[in-house]
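Chain by chain, the residues:
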Amino acid sequence: NAGVMQNPRHLVRRRGQEARLRCSPMKGHSHVYWYRQLPEEGLKFMVYLQKENIIDESGMPKERFSAEFPKEGPSILRIQQVVRGDSAAYFCASSLPGGSLMNTEAFFGQGTRLTVV
Amino acid sequence: AQKVTQAQTEISVVEKEDVTLDCVYETRDTTYYLFWYKQPPSGELVFLIRRNSFDEQNEISGRYSWNFQKSTSSFNFTITASQVVDSAVYFCALRGGSSNTGKLIFGQGTTLQVKP
């Protein structure tokens, strides 16, 4: 799982600022997932993207949150006008294309810990 | 709806004791996968095992073993002769076939503390 790179590892933002979290998937992986881990809780699915497409965003808050995975470059999770409740660890996972997604290993990055002050 | 329940919030054992972490899941899918992940204090997620719904064979990997029972919808994880380095949060997760996106549904996690 060391192959999925997330940066920054730690991010501090003041209320009202924007937070940008980056995820570079493992080489050859074109599927990216974002999960959020609130303090003392398990991980919650946010969004699933393939290159240039959002496939499932059922876990994304309706406002202020957006995600993209452009043809070139990393996937970006953007949080606008952050509030204290956005403080959490955000994990990215990537997997290979093709075949059954059911049987595909998802490799996790080390996470970005966002603190809103 | 799909759900994973880890009823044990925290477990504390003394080194060399055996410990079992419980995981109960709910799904209407006939095809699904179950996972265990370890999250050490450093925060990353470490993959431990993946098991599909058609394979109920128990699995052993060193000091780790997993007991999958479809009849009780459980996928329990046992650490034999625990060590201090096993101290971590352990997550059980489910990937169901109906969503077709490969997303994981995680339990709340069990914090395991192994004391020397």
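Please refer to the structure higher up on the page.
Note that the structure is predicted; figures quoted are calculated from it, not measured.

Asks: If you had to explain the environment of Gly62(B) to someone new, which residues and values would you point to?
Replies: Mapped onto the fold, Gly62(B) is located in the loop between strand 7 (59-61) and strand 8 (64-69). As for Gly62(B) and Asn76(B), which are separated by 14 residues in sequence, their C-alpha atoms are 16 Å apart.

Asks: Explain the sheet that holds strand 3 (residues 19-24) of chain A residue by residue, including any values.
Replies: Residue and element names in this part refer to chain A. Taken together, the 4 strands give an open sheet; going across it, the order is 1-3-8-7, and neighbouring strands pair in antiparallel fashion. On the outer flanks of this sheet lie strand 1 (5-7) and strand 7 (65-68), each paired with one strand and no other. With strand direction ignored, the average angle separating the axes of adjacent strands in the sheet is 15 degrees. Across 4 bridges, the pairing between strand 7 and strand 8 (residues 75-79) is antiparallel. The partner of Ser66 across the bridge, within strand 8, is Arg78.

Asks: Lay out unusual backbone geometry in plain terms, naming residues and giving numbers.
Replies: All names here are of chain A. A cis amide bond, omega -5 degrees, links Asn7 with the succeeding residue Pro8. Positionally, Pro8 belongs in the loop between strand 1 and strand 2 (10-13). In this model, Glu52 sits at a positive phi of 65 degrees, which is unusual for a non-glycine residue. In this structure, Gln81 is a non-glycine residue whose phi angle is positive, near 50 degrees.

Asks: Which residues make up the packing of aromatic side chains, and what values do they have?
Replies: Here the structure, examined in full by the defined rule, presents 19 aromatic pairs over all chains. A ring pair is formed by Trp36(B) and Phe77(B), whose centres lie 5.3 Å apart and whose planes are at 50 degrees; its orientation type is tilted. Here the residue Trp36(B) occupies a position in strand 5 (residues 32-39), and Phe77(B) occupies one in strand 9 (residues 74-79), the gap between them amounting to 41 residues. In this pair, the class of Trp36(B) matches that of Phe77(B), namely buried. For the ring pair Tyr64(B) and Trp66(B), a centre distance of 6.0 Å and an interplane angle of 85 degrees mean the geometry is edge-to-face. For the residue pair Tyr64(B) and Trp66(B), the accessibility class agrees, reading buried in each case. Three or more aromatic residues link up through ring pairs in this structure, and these residues are Tyr33(A), Tyr35(A), Phe45(A), Tyr48(A), Phe108(A), Phe35(B), Tyr37(B), Phe47(B), Phe91(B) and Phe106(B).

Asks: Give me the state of the cysteines: which residues, what numbers.
Replies: All names here are of chain A. Enumeration over the complete set of coordinates arrives at 2 disulfides over all chains. Between Cys23 and Cys92 runs a disulfide, and the two sulfur atoms are separated by 1.8 Å. Torsion about the S-S bond of the Cys23 and Cys92 cystine: about -50 degrees, corresponding to left-handed handedness. With Cys23 in strand 3 and Cys92 in strand 9 (residues 88-95), this pair connects stretches of sequence that are 69 residues apart. Here Cys23 and Cys92 have matching classes, each one buried.

Asks: Which residues make up the environment of Pro61(A), and what values go with them?
Replies: Residue and element names in this part refer to chain A. Looking at where Pro61 falls in the secondary structure, it is placed in the loop between strand 6 (53-56) and strand 7. Residue classification places Pro61 among the partly exposed positions, given a relative accessible area of 24%. With 18 residues separating them along the chain, Pro61 and Ile79 place their C-alpha atoms 10.0 Å apart. Aside from chain neighbours lying at most four places away, what touches Pro61 is Arg36 and Met46.

Asks: Tell me about the pattern of salt bridges, and please be specific about residues and values.
Replies: Residues and elements named next belong to chain A. The final tally for this structure, using the stated rule, is 7 salt bridges over all chains. For Arg20, the salt bridge is made with Glu18, and the minimal N-O distance between the two is 3.3 Å. For Arg78, the salt bridge goes to Glu18, with nearest N and O atoms at 3.8 Å. Here Arg78, found in strand 8, pairs with Glu18, found in the loop between strand 2 and strand 3; they are 60 residues apart in sequence, far enough to count as distant. Look at Glu18 and you get partly exposed, because its relative accessible area is 34%. A network of salt bridges, in which partner residues are shared, links Glu18, Arg20 and Arg78.

Calculation notes
Residues numbered from 1 in each chain as written. Chains lettered and ligands numbered in written order. Predicted model: local features only at pLDDT ≥ 70, side-chain atom pairs only at ≥ 80, totals over all residues. Heavy atoms only, no water. Helix = DSSP H or I, 4+ residues; strand = E, 2+ residues; numbered from the N terminus. Pairing = 2+ DSSP bridges. Axes fitted to C-alpha atoms, helices over the stretch in contact; angles between N-to-C directions. Phe/Tyr/Trp six-rings, centres within 6.5 Å; stacked < 30°, edge-to-face > 60°. Buried < 20%, exposed > 50% of the residue type's maximum accessible area, 1.4 Å probe, protein only. Disulfide = S-S within 2.5 Å. Contact = heavy atoms within 4.5 Å. Salt bridge = Lys/Arg side-chain N within 4 Å of Asp/Glu carboxyl O.

Such coordinate-based values are descriptive only and should not be taken to indicate function.
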